[in-house]
Amino acid sequence: QVQLVESGGGLVQAGGSLRLSCAASGGFFRNYAMAWFRQAPGKEREFVAVIRSSDRSSDYIAYADSVSGRFTISRDNARNTVYLQMNELRPEDTGVYYCAADAAITCQGADYKYWGQGTQVTVSS
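Residues numbered from 1 in each chain as written. Predicted model: local features only at pLDDT ≥ 70, side-chain atom pairs only at ≥ 80, totals over all residues. Heavy atoms only, no water.

Caption draft 1: Looking closely at the overall build of the protein chain. Within the protein chain one finds zero helices and eleven strands. In the protein chain, the succession of helices and strands from N to C terminus is β-β-β-β-β-β-β-β-β-β-β. In terms of overall size, the protein chain behaves like a compact globule, its C-alpha atoms giving a radius of gyration of 14 Å where 125 residues would be expected to give roughly 14 Å. The C-alpha extent of the protein chain, read off along each of the three principal axes, is 40 × 25 × 25 Å. By the burial criterion, 44% of the 125 residues in the protein chain qualify as buried. Pairs at least 24 residues apart make up 58% of the contacts formed inside the protein chain by residues separated by at least 6 positions. Accessible surface, the protein chain as shown: approximately 6500 Å² in total, 45% of it carbon and sulfur. Looking at charge distribution, the protein chain has the averaged site of its 12 positive side-chain charges lying 4 Å from that of its 12 negative ones. (Helix = DSSP H or I, 4+ residues; strand = E, 2+ residues; numbered from the N terminus. Rg over C-alpha atoms; globule rule 2.2 N^0.38 Å. Buried < 20%, exposed > 50% of the residue type's maximum accessible area, 1.4 Å probe, protein only. Contact = heavy atoms within 4.5 Å. Areas by Shrake-Rupley, 256 points an atom, 1.4 Å probe, with all protein chains shown as cover. Lys, Arg positive; Asp, Glu negative; His and termini not counted. Charge placed at Lys NZ, Arg CZ, Asp CG, Glu CD.)

So this is what it looks like as structure tokens:
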């Protein structure tokens, strides 16, 4: 059983930065792929970024085209935490950001077994 808790959301102006954190407990953190998804009002949940589990020999990180070059996903296995550094924020980045974990890496939200409660990110014009 894995529990995920997101934090770091808030209100920022366009062009600003924000760093989200997702703390994991109750599982073997190194063995899980960790991902970020977001959901804007009236829209479906969409993939943001994913990082491969640390039990693999090769590195793998992927981003949605809409955030590539602006967002950075990273993980600190010693702290059982995954981060999402968000720079050059835009109003269209507004939404609830969710942390997800699974044994297999994927960009499909339906494939993830564990989810956090979400943290609100609001970017003003």
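Caption draft 2: Here's a closer look at the packing of aromatic side chains. Applying the stated rule across the entire model yields six aromatic pairs. On the numbers, 6.2 Å between centres and 70 degrees between planes, the contact of Tyr112 with Trp115 is edge-to-face. Its relative accessible area of 26% is what places Trp115 among the partly exposed residues. Connected via pairs of aromatic rings, a cluster forms that spans Phe37, Phe47, Tyr98, Tyr112 and Trp115. One cation-aromatic arrangement involves Arg75 over Phe29; the distance from NZ or CZ to the ring centre is 4.5 Å. (Phe/Tyr/Trp six-rings, centres within 6.5 Å; stacked < 30°, edge-to-face > 60°. Lys NZ or Arg CZ within 6 Å of the ring centre and 35° of its normal.)

Caption draft 3: Here's a closer look at the state of the cysteines. Applying the stated criterion across every chain yields a total of one disulfide. Disulfide pairing places Cys22 opposite Cys99 at an S-S distance of 2.1 Å. Where Cys22 bonds to Cys99 through sulfur, the torsion about that S-S bond is close to -85 degrees, and the disulfide is left-handed. Here Cys22, found in strand E3 (residues 18-25), pairs with Cys99, found in strand E9 (residues 95-102); they are 77 residues apart in sequence, far enough to count as distant. Neither residue differs from the other here; Cys22 and Cys99 are each classed as buried. The thiol sulfur of Cys107 is not disulfide-bonded, and the nearest other cysteine sulfur, from Cys99, lies at 15 Å. (Disulfide = S-S within 2.5 Å.)

Caption draft 4: Focus on empty space enclosed by the protein. Summed over all chains, the structure comprises one cavity of 30 Å³ or more. If you add up the space inside the largest cavity, you get close to 50 Å³. What lines the largest cavity is Val2, Ala24, Ser25, Gly26, Gly27, Phe28, Phe29, Tyr32, Met34, Asn80 and Ala101. Looking at the lining of the largest cavity residue by residue, the classes come out as seven nonpolar, four polar and no charged. (1 Å grid on protein atoms, 1.4 Å probe; cavity = no way out; pocket = protein on both sides within 12 Å on 5 of 7 lines; lining within 4 Å. Points joined across faces, edges and corners; volume = space filled by probe spheres on them. Nonpolar A, V, L, I, M, F, W, Y, C, P; charged D, E, K, R; others polar.)

Caption draft 5: How the structure looks around the side chain of Thr119. Note on placement: Thr119 falls in strand E11 (residues 119-124). Polar side-chain contacts of Thr119 include one of 3.2 Å to the backbone nitrogen of Gly9. Beyond its immediate stretch of four places on either side in the chain, Thr119 contacts Glu6, Ser7, Gly8, Gly9, Leu20, Gly95, Val96 and Tyr97. (Polar contact = N/O pair within 3.5 Å; in protein donor to acceptor, adjacent residues only side chain to side chain.)

Caption draft 6: Inspection of the pattern of salt bridges at higher detail. Counting across every chain of the model gives three salt bridges. The residue Asp93 makes a salt bridge to Arg38 at a minimum N-O spacing of 2.9 Å. With Asp93 in the loop between strand E8 (81-86) and E9 and Arg38 in strand E4 (residues 33-39), the pair connects residues that are 55 residues apart, well separated along the chain. Of the residues examined, Arg38 reaches a relative accessible area of 5% and is grouped as buried. The buried category is assigned to Asp93, whose relative accessible area is 0%. When salt bridges that share partners are traced, they join Arg38, Glu46, Arg70 and Asp93 into one network. (Salt bridge = Lys/Arg side-chain N within 4 Å of Asp/Glu carboxyl O.)

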